[in-house]
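One-letter residues, chain by chain:
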Amino acid sequence: MAEGDPPYVVLLGAVGSGKSTIVEKVTGEESLASSAGTSATRCSNPLWTRGGEFIISDTPGSNAMGDKFGQNIWIAAAFNYRPVAKIFIVVKADVGRMDGVISSIR
C-alpha cells in the first residue's frame, strides 16, 4: 500500500453474520443486508466509508448453499482488488447459544 492511500478492509464471514449490515452502517449505503437465511451478497463490493477514511469490501458468505465456487471466486476477488490493510472475520452472536455456554460454565 502506497503512502497516502486509504486503508482497504475486507470483511469475511458466514451467510447472515452481519457483514453487509456493517458495510451499510459505515458507508451509508442501503439495501445491502437481508434478513433472509440466504446470502444477499453475490459479489465482492468495495465501497468508501462516509468520511472517506477507508475502503471496505463486503463479500459473499463463506458457507453459501448455492454457487460455492462462484462465491469463493468473489471472495478471492476482494483480496485482489488492492493491497489489504485489515481483514475482519465477522461472526454472528447467537444469544441462545451463548446462554447455553454460560449455563454450562456455572
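For the structure itself, look to the data block above.
Everything numeric in this text was worked out from a predicted model, so none of it was measured. Per chain, residue numbering runs from 1 following the sequence as it is written. Thresholds applied to this predicted model are a pLDDT of at least 70 for local features of residues and 80 or more for the giving and counting of side-chain atom pairs; totals over whole chains, interfaces and linings are not thresholded and use all residues. Excluding hydrogens and water, the side-chain values take into account all heavy atoms of the structure.

1. Some remarks on the overall build of the protein
1) Next: When you go through the protein residue by residue, the secondary structure sums to 3 helices and 4 strands.
2) Next: Segments assigned H or I by DSSP are reported as helices when at least four residues long, segments assigned E as strands when at least two residues long, and all are numbered from the N terminus. Counting helices and strands in the order they occur from the N terminus, the protein gives β-α-β-β-α-β-α.
3) Next: Buried residues are those whose accessible area, probed at 1.4 Å on protein chains only, stays under 20% of the maximum for their type, while exposed residues exceed 50% and partly exposed ones sit between those limits. A buried classification covers 29% of the 106 residues belonging to the protein.
4) Next: Sequence-distant contacts in the protein: of pairs separated by 6 or more residues, those separated by 24 or more amount to 60%.
5) Next: With the model as given, the accessible surface of the protein reaches about 7,000 Å², and the carbon-plus-sulfur share is 56%. Any two residues whose heavy atoms approach within 4.5 Å at even a single point are treated as in contact. Using a 1.4 Å probe, accessible areas were evaluated by the Shrake-Rupley method; residue-level cover was limited to the displayed protein chains.

2. Here's the deal with the nonpolar core
1) Next: Of all hydrophobic cores here, the largest spans 7 residues; its members are Val9, Leu11, Val23, Leu32, Leu47, Ile56 and Val90.
2) Next: If we skip the residues at most four places from it in the chain, Val9 touches Phe54, Ile55, Ile56, Ser57, Lys86 and Phe88. Nine residue types can take part in a nonpolar core, namely buried Ala, Val, Leu, Ile, Met, Phe, Trp, Tyr and Cys, and a core is a set of them joined through side-chain atoms within 4.5 Å.

3. Concerning the environment of Ile75
1) Next: Locating Ile75 in the fold gives a position in helix H2 (residues 68-80).
2) Next: Owing to a relative accessible area of 11%, Ile75 belongs among the buried residues under this scheme.
3) Next: Among all residues touching Ile75, those that are not within four sequence positions of it are Leu12, Thr59, Pro60 and Ser62.

4. So, helix H1 (residues 19-27)
1) Next: Restricting attention to buried positions, one finds in H1 the residues Lys19, Ser20, Val23, Glu24 and Thr27. Down the axis of H1, the smallest arc covering the buried residues is 140 degrees, so these residues share one side.
2) Next: Check the buried side of H1 and you find it contacts strand E1 (8-13), strand E2 (45-48), strand E3 (55-58) and strand E4 (86-90). By definition, the arc is the one covered by directions from the helix axis to the C-beta atoms.

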